[in-house]
Structure formats: C-alpha cells, structure tokens
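Commentary on secondary and tertiary structure
In case you want the letters, here they are:
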Amino acid sequence: MNAARCRARQGRRVRIAAGIAAALAWTLLLGGTGAGEAPAAWDLLFRAIAADRKVSYRGTQETELFAGGEARRSQSLVLHRAPDVLRIEYVAPPPLAGLVVQEESGLQRILNPAGELVRAAHPWRPGQGEGLQARRLLLLRVNYRAELQGRGTVAGRPAAAAALVPRAAGNPWRKLWVDEATALILQNEGYDATGRLATRSRFTAIDFAPRFRPTDFALPAAAGADPGMVHPGPGEREAQRLPFDPLLPGYLPPGYVFEEGHLMEHHGVPALHLAFTDGLNTLSLFEAGATASAPAEALSMHQGDGFGMVLRWAARGLAFTLVGDLPAGELRKIAGSVPGAEGIR
Amino acid sequence: MVCPEFAERLSAYLDGELGEDEREGMAAHLTACAACRVALAALARLGDLLRATPAPPLGEDLAPGLLAQVTAPEARLRLRWFGHGRRTAVAAAGLVLVLAGASALLLWRAGPPEPGPVMAGRPPAAAEPYLREHAVYAAGQPLADRSSLLLTSFGRGAER
C-alpha cells in the first residue's frame, strides 16, 4: 500500500472519528441522558437561546434583586433589533435612570446616568464566540437537568416554564418562562446555591412588531470619555503583554471548566480576566499587579446585592478578585489552590 | 460541592478511622456522589504530596533548650510531684516534645485559622470594576438574566 493511500485512509478514520464525536455531542445536546429527562424541555431552552438573536422586540422590563430579606426593583426599556443590536435603558429608580447598555455587532458600550462612557468593549475574537457558546451548551447539558414546569402568562402572553436544575447539589439554578409564539424568554428567575430566589426579571409589556426610529439607538456624544475599563481591539492585542505571569487555580468546583482569558485595562492598569463556567453560571478570577488599591488584608469576602460572593486577596505581588455565585467554602477552596494562597481555607 | 454531612468524615475515611457501619455508609455514598469522590481524591493527593515532602528539621537548639527548661531547678521542683531524678526529667522532656509534635500535626491537619466571616454588602469600591466586568461577561452568556446582572454591577449608580 503506497503512502498516499495510507494517508487517505488515516484521514478518513479521523473524519469518521470526528463525525462520531460530533454525533455523540449533538445527541447529548438534544437527547435524554437519564430517567426523567425531558427532551421537550431542552428543545424549549435551545429555541429560547436561538430566539435571542432572531426576534426583534420593544418592551418594558421589571427587575428585582432579593437580598437580606429585601427586594430592590428597577424598570427598564429594552429594544432589540435582530440580530445584534440591543439597548437596555434603565428608567427607575431615580439613581439608575439614564443608565444605558447598548450592544451593536459585538461592540458594547455602557453609559452611566450622567451620560459618561464607563465601559467600551471591542469584539475579542470574531467568530470564536460561536465555538465557545457551543461548548457552554454542551456543559449545560452535562451539568444540568431540564424540567418542564407547566404554563403561565407573562406580559399577557402564554408562556411555557422550564427549570434548569443542577445535577450537583448546592449550585445556583434558573427557571425560565418562554413565549410560546416566539420562544423569547419573558421571565427569568435566578435561585442561589441555597435554593433561595435571588433575582427575577420579567417583561411587563412587549411588542414583537416594533417600528424602530433612527434615534432609538442613538447614544449621546461622550466628550473626553475615559471608559475606565477597556479591552484592546484586535489590532492592539498583539502589542499588549501582561507585566506578570498569571497564576491559575488548581481546584474548580465540580462541573466547572476554564472558558477563556482576556486582557483588560482599568485606568491604565493591566489586568487579566479568567472566566470559568459550568454551562450556566460564570466564575471570574481577576489578577492585577498589586497597587495602592489592592486589598491590604490577606483576605476579605463579601456577599449580597445579588452578585453572589466576592473574595479578594493579595499574594506574590498580585491582587486577586474572585467572583461567583458559589458558597463561601468553595470560593475559599478555589482561592487556596492558587499558588501563593495556600493559606486560604 | 461536597455534601456537608459527609465532608467532615472524608479525612477519617481516608485514614481508615471510621467504624464499620460508617465506612460502609461512606463507601455507598461515594459510589453515587461525584463531588465527594473528587474531594476524597484531592485529600489523598494532598496526603501524598505532604508525605513526599521532607519534614523540616527541628532547630538544633530546640531539644537542648527544652531539656534545659525541664531540668532547670524550678522544673525539677515541679517534676518531683511525678517522679524522681534525671530519668523522670528526660521522660518529661520527651513527653513535651511528643505533645509539641502532636499539636503541630493537629494544626497542620486542621489548616490555618479561618480568615474571618463573610461580610454582607458590597466590597470596597476598588473591586467594583471587576464586579462589573464579571457581570457584563456573565450577562452575555446563554440564558443569563442580563438585566439583573447589569443592575447588580451598576447598583452603586455606576461610578467610573
């Protein structure tokens, strides 16, 4: 057998193996993996994910954060022009009125109520977002069960409810109401690691045949804007280097994997954002050179306000910030597995 | 996440210190619980690493210093309660060393003291940019609740 035929056969074997792997992955995504699994629930959720880009709408949304026995409420106007222009403008309560988040073709800008640009993010890796999303969906399938939970009405529209229940006890989870006609998520409830309702966002009115005006997505000119947190654009990324060697955690909670890392700057100070995911929830580890604003104490932990848990510490000349909706013990274990932080328990 | 009702006994299970009923219960649980299996494997690995690390030598003057303390006149006076003479003093010194070693071992097994309680409320302002970055990143993921994530990250009125 000559070399060319050998290579052809090898190439075919690789393609067959890749095809089998892809088929298994697709089966895992859409098929049932255990007793009680509801393929219809996964179908509903995946349609909802796709609808996020397909459906244009204009609506008003109410958001509630539950913490310390209290609820904080806000209202916002939400406009989405398919596939990739989204604007969220907070209108209440007064301190937030005027806060605008606008995304257009991957470029995200956030303006505070004073109209100042506080964040500008360029597309990090055009085209790679889809690969990351596919990976997330696979993880979601592996780490969560989807359960249909009946029907209801949201914003006057019939909706089907589905819950994403973690296979590992003690993880946050989510319940979603999906519009039966468009598959858009009309109501989204987040439950924390203890099973307590932590957040709720729901449309109170929605129009799926919006007529957008050119001014609907206009942003005020942000003269002399210093966005604070910026991400290098594609042309600038290669010129940037971290001034320190990053340190990685040796431990992750069950189901979590490393997703991606990227550079950022805050007022000129370079930092590294490492993102981890279990398919539904995100865990972030930030590393920056220790400055005057670095935590002076060896360790501090904060919880509340709907953001889960924040753990901060300094070690080996770096300042670390760990953020995630996980129990305090888990965050400590993650932090303690970062070289130089072995004393954290 | 490790199951709370089994977490405290994982170490004892690894060391073969559980009674028969407890050991069987733990084994049955481990066959069903991946999180506890991962934790047990991590404990076992930690033990391997520590056993492979040479124990730091005691300071050269530690033992003689201890012996000097227990053989000092005041110590000899106290030791007379328990016995007589140099043999008793040496035995007492040995006991002190054993107790010191055991205490060190217990401290090592228990780990450093807890860093402190979780504080309710937002962290210092220096952490706000990272909270926002986390929230904005998480808000872009499938099925995320964008509005609440963005609200938590800008809950302080969106200072820059």
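Please read all numbers here as calculations on a predicted model, not as lab measurements. Within each chain, residue numbers correspond to sequence positions counted from 1 in written order. In the order they appear in the text, chains get letters beginning with A and ligands get numbers beginning with 1. Totals for whole chains, interfaces and linings use every residue, but because this is a predicted model, local features are given only for residues with pLDDT of at least 70 and side-chain atom pairs only at 80 or more, for both listing and counting. The side-chain numbers reported here are obtained from all heavy atoms of the structure, hydrogens and water having been left aside.

1. Thoughts on helix α2 (residues 39-54) of chain A
Think of an α-helix as turning once every 3.6 residues; residues three or four places apart then point the same way. Between the first and last C-alpha of α2(A) there are 22 Å, a value that for 16 residues agrees with the 22 Å anticipated at 1.5 Å per step. Burial in α2(A) covers these residues: A:Ala41, A:Trp42, A:Leu44, A:Leu45, A:Phe46, A:Ala48, A:Ile49 and A:Ala51. Note on conventions: DSSP H or I runs of at least 4 residues are helices, E runs of at least 2 residues are strands, and numbering of each starts at the N terminus. In this scheme, a helix's expected span is set at 1.5 Å multiplied by one less than its residue total. When accessible area is computed with a 1.4 Å probe and restricted to protein chains, residues below 20% of their type maximum are described as buried, those above 50% as exposed, and intermediate ones as partly exposed.

2. Some remarks on helix α8 (residues 128-139) of chain B
Taking 1.5 Å as the rise per residue, α8(B) with twelve residues should run 16 Å; its terminal C-alpha atoms sit 16 Å apart, in good agreement. Listed in full, the buried residues belonging to α8(B) are B:Glu128, B:Pro129, B:Tyr130, B:Leu131, B:Arg132, B:Glu133, B:His134, B:Ala135, B:Val136, B:Tyr137, B:Ala138 and B:Ala139.

3. Points about the nonpolar core
Judged by nonpolar contacts, the single largest core of 44 residues is most densely connected at A:Trp42, A:Tyr57, A:Leu140, A:Leu164 and B:Leu143. Per-element accounting of this core gives the leading share, eight residues, to α2(A). The criterion used for residue contact is that any of the two residues' heavy atoms lie within 4.5 Å. Each residue touching A:Leu164, except ones within four places of it in the same chain, is listed here: A:Trp42, A:Leu45, A:Leu140, A:Tyr144, A:Arg145, A:Ala146, A:Trp173, A:Arg174, A:Leu280 and B:Leu143. Buried residues of nine kinds, namely Ala, Val, Leu, Ile, Met, Phe, Trp, Tyr and Cys, make up a nonpolar core once their side-chain atoms join them within 4.5 Å. Of all hydrophobic cores here, the second largest spans 24 residues; its members include A:Phe244, A:Met309, A:Ala335 and A:Ala341.

4. Let's talk about the environment of A:Glu287
Residues and elements named next belong to chain A. Assignment of secondary structure puts Glu 287 in strand β15 (residues 282-289). Given a relative accessible area of 0%, Glu 287 falls into the buried group. When sequence neighbours within four positions are dropped, the list of residues in contact with Glu 287 reads Phe 244, Pro 246, Leu 247, Ala 271, Leu 272, Leu 274, Leu 318, Ala 319 and Phe 320. Here a polar contact is taken to be a pair of N or O atoms separated by no more than 3.5 Å, where protein atoms must pair a possible hydrogen donor with a possible acceptor and residues adjacent in sequence count only if both atoms sit in side chains. Within the structure, Glu 287 has its side chain in polar contact with the backbone nitrogen of Leu 247 (distance 3.0 Å).

5. Some remarks on unusual backbone geometry
Here the bond from A:Ala82 into A:Pro83 is cis, since omega is 5°, no more than 30 degrees from zero. In this structure, A:Pro83 sits in the loop between β2 (70-81) and β3 (85-92). A:Pro93 follows A:Ala92 through a cis peptide bond whose omega is 0°. With respect to the helices and strands, A:Pro93 occurs in the loop between β3 and β4 (100-104). Positive phi, normally seen in glycine, also occurs at A:Arg316, with a value near 50°. Along the chain, A:Arg316 falls in the loop between β17 (309-315) and β18 (318-324). One non-glycine residue, B:Leu143, lies in positive phi territory at about 70°. Structurally, B:Leu143 is set in the loop between α8 and α9 (146-153).

6. Notes on the pairing of β18(A)
Residue and element names in this part refer to chain A. The element β18 is largely enclosed, with a buried count of seven among its seven residues. Residues Leu 318, Phe 320, Leu 322 and Gly 324 point to one face of β18 and Ala 319, Thr 321 and Val 323 to the other, with burial holding for every one of them. Sheet topology note: the β15/β18 ladder contains six bridges and is antiparallel. When the sheet's bridge partners are listed, Gly 289 is paired in β18 with Leu 318. Taking the residues that link successive antiparallel strands as the turn, the β17-β18 hairpin has two residues, and the phi of Arg 316 there is positive, at about 50°. DSSP calls a pair of strands paired once it identifies at least 2 bridges connecting them.

7. Some thoughts on the packing of aromatic side chains
Paired rings are identified among Phe, Tyr and Trp, the last through its six-membered ring, by centres lying within 6.5 Å, and are further divided according to the angle between planes into stacked (under 30 degrees), edge-to-face (over 60) and tilted (the rest). Overall, the coordinates contain eight aromatic pairs over all chains when judged by the stated rule. Residues A:Phe286 and B:Tyr130 carry aromatic rings whose centres are separated by 5.0 Å and whose planes lie at 40° to one another, so their mutual orientation is tilted. Taken as a pair, A:Phe286 in strand β15 and B:Tyr130 in helix α8 lie in two separate chains rather than in one. Grouping residues by exposure puts A:Phe286 and B:Tyr130 together as buried. Relative to A:Phe320, the ring of A:Trp313 has its centre 4.8 Å away and its plane inclined at 5°; by these criteria the two rings are stacked. On the basis of relative accessibility, which here comes to 1%, the residue A:Trp313 falls in the buried class. Of the aromatic side chains, those joined through ring pairs into one cluster are A:Tyr57, A:Phe203 and A:Phe208.

8. Regarding the pattern of salt bridges
All names here are of chain A. Salt bridge, as used here: a side-chain nitrogen of Lys or Arg that lies within 4 Å of a carboxyl oxygen of Asp or Glu. Inspection of every chain in the model, using the stated rule, returns 15 salt bridges over all chains. When the shortest N-O distance is used, the salt bridge between Arg 196 and Asp 192 registers 2.9 Å. A cluster of three or more residues bridged by salt bridges with shared partners is formed by Glu 62, Glu 64, Arg 73, Glu 189, Arg 200 and Arg 202.

9. Remarks on the confidence of the model for chain A
Residue and element names in this part refer to chain A. For every residue, the predictor states its confidence as a pLDDT score lying anywhere from 0 to 100. Of all residues in chain A, 73% attain a pLDDT of 70 or more, and the chain-wide mean is 79. Here helix α4 (residues 234-237) stands out as the least confident element of chain A, with mean pLDDT 44; strand β9 (residues 173-179) is the most confident, with 96. Confidence drops under a pLDDT of 50 for residues 32-36, and excluding neighbours within four residues, the segment shows six contacts in the predicted structure. Confidence drops under pLDDT 50 across residues 232-239; counting only partners more than four residues distant or on other chains, this segment forms nine contacts.

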